[in-house]
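Residue strings, one per chain:
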Amino acid sequence: MQMSKIVRLSADIMYPFVVIFGLYVIMHGHITPGGGFQGGAVVATGAALVIVAYALHDVKAMIPKVLLYLQESMGLLLFIGAGLAGMLLAFPFFFNWLANSGSLFGMPVPFGPNPGELNTAGFLPIMNIAVGIEVWGGLTLILLYMLSGVGKEGY
Amino acid sequence: MISPFIWNNAVVLTVAVPLLAAFLCPLIGMFTETGRKAWVLAAAAITSALALFTAWKVYTYGTWVYVFGASVPNLTVPADSGGIPVRIMFEVDAMSALMLVIVAILGFVVILYSTMADDKRSGKAGYYTLFLLLIASIIGMVSTGDLFNFFVFFEISGLASAGLIAYRVEKGRAVEAGLKYFLVSTLAGIFMLFVIAILYGQYNALNIAMIAERMQYTSLDKLALVLIIGALATKAGSVPMHFWTPDAYGLAPSAVTALLVVASQASLYGLFRMTFTMYNLTLNAVTVGWILIILGVLSMFVGVTMAIPQKDVKRLMAYHAISQTGYMLLGVGTGLAVLGNVAMMDAFGQMAMEGGIFHIINHALYKGLLFLTAGAIIYRVGTRDMNKMGGLGHKMKWTMVFFMIGALAIAGIPPFNGFASKLMIYESVYLFNPVLAIIAMVVSILTLASFVKVFHSIFMGPQLPEYEHVEEAPRPMLWAMGILAVLVILFGIFPQHVVNYLITPAANALIDQSGYITAVLGGV
Amino acid sequence: MFANLPYYTVVALTIIGFATVLLKRNLVKMTMGLNILTAAVNLLIIVLGFRAGGIAPIYTMAPQTEMVLPTPQALVLTSIVIGVATTALLLSFTMVIYRKYGTTNVDEIRELRE
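Keep in mind that what you see is a predicted model, and the values were worked out from it rather than measured.

Assigned secondary structure in chain C consists of three helices and zero strands. The C-alpha atoms of chain C give 19 Å as radius of gyration, which overshoots the globular expectation for 114 residues (13 Å, by more than 25%). The buried share of chain C, taken over its 114 residues, is 27%. Taking as baseline every contact in chain C between residues at least 6 positions apart, the subset at least 24 positions apart corresponds to 48%.

What follows is the structure in structure tokens.
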């Protein structure tokens, strides 16, 4: 049972903005308030918006289940891989081996008041992205399982 | 011989390897089934090897401190921090090393058992992920030196256990057990978070060694002590918070139950760590010791009396698990009650603590063996009600031998390991207060009576016609039970070696608080 | 009184949460009670980090150097994530129990007896 045409159209227009805002919160976790879990929850809210507007049956046909499972696993693997990767370079576990190093996120933090550099803080943005992807997949999966109905076997 | 990579980093690889294996499980399971079984077995074997290596290194070289995210692993106090250990660290001393030995042995054995026992079920991707997460969280709980890290691992173990208990939704009863367990576990977690808030607000530190150094026993600390004893004793299954134990242990898959016993003992380890190391002599040792003793005596007595009329074999064993937890609380509580008194501690306090701690590892071994044999019987027979079973000794000979070894060990019959630890507890507690020792002996007699009844009703008697088709348990389950049975016999025949090498350093590490603090703060 | 208002709120929320978990008979309401308890403890942790006259602990473009403590905020973040996972699992259990037993009343979900 779908909502009316106005609701569906509004959800179509709002959904990309919600996702972009969530991705912004994930990416800027080391400069502004936010980070992995908060941004992932915002993106999952976008998914909830689509689920409310359209019929659950259509949404389940649109999103393959295996994609969400893959998203969960990839996020978790990226997280613990970032922690273990430092050990291959003879550093301790979870040492920030990218900070101040000049490579991917390695610019040193500029001192004093500044508008915030995205390129800093080592592997923290990588872990934020990993947690964001994982929370997005996980919360969407929880929503789809729970909304699949109480009376019958779900999903 | 051992590469320097493993020599330096084994204590974190013990936690990182099961986590990595757990996260890769669903992906591998999407491609091959037997590949996932091999992957899980390999991960469990590597984790056990690393945990045993860590324990050996700690017993030989002393407390091992590993700081996360520092430039070298033992930089506990950074130069510009003003003398405060700011990072999360793992601190493994002799008591943690003993718990790591327990997790290493039982973790490998239950995964070996579970590859066969849960073979015909569906949805195993989530099952093995949660299993490896539970093992990783128990290892994290016993290795960590940071209070909030302990809370996080505590919650992970609660979540993973609840998911595993409710895994087989057979008409919803397992889900009811999982729900009951999870409500109690979450309440315990909230109390623990209260304690963290109180201690952090007063001392501005989350590191256990730092709080131990700064501890002055204000009235807020008394409140925190009451809450933390309540929360951790709830998770350990002691009376009067034991109501989740029979349902949870009874309805979980058998391999999971054996691991839940270890999770309860990890909470017991947390209780000892908080009272002995974090508070030490600032608290009123006699009062708190007597509280632990009273909890222990109640657990022993209520556990064994509720076990006698049970008809379900796993619920009966769960009540016995409550009763044996009482022995551990009695032994270590006696040690706490004489903590400040050097003369009494030398006379019987040290032996009481060693008895209690020895009972932890003995209980893990023989209770794990009993639950695995019960699981093998239920796997073959299909029912859990003892009144319907009978005459299984004709077909399941090896299972009967293993059950007999476990039952004699739990009743405290020589030459099995239960006798060694119970004798230490009886002798030392008798010198403290004779009434307690007599209660402990009566409980032991009732335990023996209860298990004689179970043995008779399951294995003895004529061969029943409906069990003609029952044959011996499958091979991997027999190997898993065999490893535990061999260890039960070995610990019973050579208890003196085990006590000298494993138990006495652990008891000394609990009594002596300054060693723990010095390892982090570098000597004062 | 206003100086200690957050602590009074924590006590009030704790009592309300505890009363809900202990006295209500519906599983969904017990889950809500646990959520209220978690919120109370999170509030206590954040309030402990407050310093009067401090600003948010963000280093870039900071107008002054007196800041509130950032560690309690990290602790509360972890605790909120744990609370989300707890609520999701409890609600899933409630759903399966409703499907199998037909009720969410705690007095009637008593299949497991002594």
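Here we come to the overall build of chain A. Counting its regular elements, chain A contains five helices and zero strands. Over its C-alpha atoms, taken along the principal directions, chain A stretches across nearly 55 × 35 × 20 Å. Per-residue burial for chain A yields a buried fraction of 33% across its 155 residues. A separation threshold of at least 6 residues defines the contact pool for chain A, and within that pool the share at least 24 residues apart is 63%.

It is worth spelling out helix α6 (residues 173-203) of chain B at this point. Residues and elements named next belong to chain B. Between its terminal C-alpha atoms α6 stretches 45 Å, which fits the 45 Å expected from 31 residues at 1.5 Å a residue. Burial runs high along α6: 26 of the 31 residues are buried. Following α6 by one or two positions, Asn 204 has its phi on the positive side, about 55°.

What follows deals with the nonpolar core. All names here are of chain B. Leu 98, Val 103, Leu 132, Ile 165, Leu 369 and Val 488 are the most contacted members of the largest nonpolar core, which totals 266 residues. For this core, the element with the highest residue contribution is helix α3 (residues 94-117), accounting for 20 residues. Once residues within four sequence positions are removed from consideration, Val 488 is found in contact with Leu 365, Tyr 366, Leu 369, Ile 405, Ala 409, Phe 416 and Asn 417.

We now examine the interface of chain C and chain B. Contacts between the two partners involve 24 residues from chain C and, on the opposite side, 26 residues from chain B. Within the residue set of the side of chain C that touches chain B, elements represented by two or more residues are α2 (27-48) and α3 (71-101) of chain C. Partitioned by chemical class, the residues of the side of chain C that touches chain B number 18 nonpolar, four polar and two charged.

With that settled, consider the environment of Val 169 of chain B. Relative to the helices and strands, Val 169 of chain B is located in the loop between α5 (147-165) and α6. Residue Val 169 of chain B is classed as partly exposed on the basis of its C-beta count, with 15 C-beta atoms lying within 10 Å. Taking the C-alpha atoms as reference, Val 169 of chain B lies 9.9 Å from Leu 251 of chain B; in sequence the two are 82 residues apart. When residues no more than four places from it in sequence are discounted, the contact partners of Val 169 of chain B are Ala 174 and Val 175 of chain B together with Val 96 of chain C.

Another aspect to go through is the pairing of strand β1 (residues 64-67) of chain B. Residues and elements named next belong to chain B. The alternating pattern of β1 places Trp 64 and Tyr 66 and Val 65 and Val 67 on opposite faces, both of which are buried. The sheet contact formed by β1 and strand β2 (residues 89-92) spans four bridges and is antiparallel. Its bridge partner being in β2, Val 65 is matched across the sheet by Glu 91.

Attention shifts here to the environment of Ala 55 of chain A. All names here are of chain A. Relative to the assigned elements, Ala 55 resides in the loop between α2 (36-53) and α3 (56-62). Here Ala 55 falls in the partly exposed class, since 13 other C-beta atoms lie within 10 Å of it. Distance from Ala 55 to Leu 124, taken between C-alpha atoms, is 38 Å for residues 69 residues apart in sequence.

Before going further, it helps to spend a moment on the interface of chain A and chain B. Between chain A and chain B, the residue contacts involve 12 residues of the former and 15 residues of the latter. Classifying every residue of the side of chain A that touches chain B gives 10 nonpolar, two polar and no charged.

All names here are of chain B. In contact at an axis separation of 9 Å, helix α13 (residues 342-381) and helix α18 (residues 495-511) are set at 115° when each is read in the N-to-C sense. As the angle between them shows, α13 and α18 are arranged roughly perpendicular. Note on packing geometry: the crossing formed by α13 with α18 is right-handed. Listed contacts from α18 to Gln 350, Met 353, Glu 354, Ile 357 and Phe 358 of α13 are Val 499, Ile 503, Thr 504, Ala 506, Ala 507 and Leu 510. Classifying every residue of the contact of α13 with α18 gives eight nonpolar, two polar and one charged.

It is worth spelling out helix α4 (residues 65-88) of chain A at this point. Residues and elements named next belong to chain A. Its 24 residues give α4 an end-to-end C-alpha distance of 34 Å, which sits within 8% of 34 Å, the value for a rise of 1.5 Å per residue. Ala 82 marks where α4 bends most, by close to 30°. Listing the buried residues of α4 in full gives Glu 72, Ser 73, Gly 75, Leu 76, Phe 79, Ala 82 and Gly 83.

Bringing the confidence of the model for chain C into the picture now. Fine structural detail should not be taken from predicted coordinates in areas where pLDDT scores are low. A residue-level look at chain C finds 96% of positions with pLDDT of 70 or above and a mean pLDDT of 89. Reported for the predicted complex are a pTM of 0.94 and an ipTM of 0.94.

In this section: the packing of α5 of chain B against helix α10 (residues 254-279) of chain B. All names here are of chain B. Where α5 contacts α10, the axes come no closer than 11 Å and their chain directions differ by 160°. Relative to α10, the element α5 lies roughly antiparallel. Every pair of crossing elements has a handedness; the one defined by α5 and α10 is left-handed. Seen from α5, the contacting residues are Phe 150, Ser 157, Ser 161, Leu 164 and Ile 165; seen from α10, they are Val 256, Leu 260, Ala 263 and Gly 270. When grouped by side-chain class, the residues that make up the contact of α5 with α10 number six nonpolar, three polar and no charged.

Here we come to the confidence of the model for chain A. On average, residues of chain A carry a pLDDT of 85, and 93% of them reach 70 or more. Considering each helix and strand of chain A separately, the mean pLDDT is smallest for α3 of chain A, with a value of 83, and largest for helix α1 (residues 5-27) of chain A, with 93.

Let us look at unusual backbone geometry. Here Val 239 of chain B and Pro 240 of chain B are connected by a cis peptide whose omega angle stands at 10°. The topology assignment puts Pro 240 of chain B in the loop between α8 (219-236) and α9 (244-251). Backbone torsion omega between Pro 414 of chain B and Pro 415 of chain B reads 0°, so that peptide bond is classified as cis. Within the fold, Pro 415 of chain B resides in the loop between α14 (397-411) and α15 (417-432). One non-glycine residue, Phe 94 of chain A, lies in the positive phi region at around 60°. Along the chain, Phe 94 of chain A turns up in the loop between α4 and α5 (124-147). Exposure remark for Phe 94 of chain A: the 22 C-beta atoms within 10 Å place this residue in the buried category. Residues other than glycine seldom take positive phi values, yet Asn 204 of chain B does so here, at roughly 55°. Mapped onto the fold, Asn 204 of chain B is located in the loop between α6 and α7 (208-214).

Glancing now at the environment of Leu 260 of chain B. Residues and elements named next belong to chain B. Its location among the elements puts Leu 260 in helix α10. In this structure Leu 260 comes out as buried when scored by C-beta crowding, with 25 C-beta atoms within 10 Å. Remark: the alpha-carbon pair of Leu 260 and Gly 393, spanning 133 residues in sequence, is separated by 28 Å. Here Leu 260 is in contact with Ser 161, Ala 248, Tyr 249 and Ala 252, once residues within four sequence places are set aside.

What counts as what
Residues numbered from 1 in each chain as written. Chains lettered and ligands numbered in written order. Predicted model: local features only at pLDDT ≥ 70, side-chain atom pairs only at ≥ 80, totals over all residues. Helix = DSSP H or I, 4+ residues; strand = E, 2+ residues; numbered from the N terminus. Rg over C-alpha atoms; globule rule 2.2 N^0.38 Å. Buried ≥ 20, exposed ≤ 12 C-beta atoms within 10 Å, placed from the backbone. Contact = placed C-beta atoms within 7 Å. Expected span 1.5 Å × (residues − 1). Core = buried A, V, L, I, M, F, W, Y, C linked by C-beta atoms within 7 Å. Nonpolar A, V, L, I, M, F, W, Y, C, P; charged D, E, K, R; others polar. Pairing = 2+ DSSP bridges. Axes fitted to C-alpha atoms, helices over the stretch in contact; angles between N-to-C directions. Parallel < 35°, antiparallel > 145°, perpendicular 65-115°, else oblique. Left-handed = near helix turned anticlockwise from the far one by under 90°. Bend = angle between axes of the 7 residues up to and from the residue. pLDDT = per-residue confidence, 0-100.

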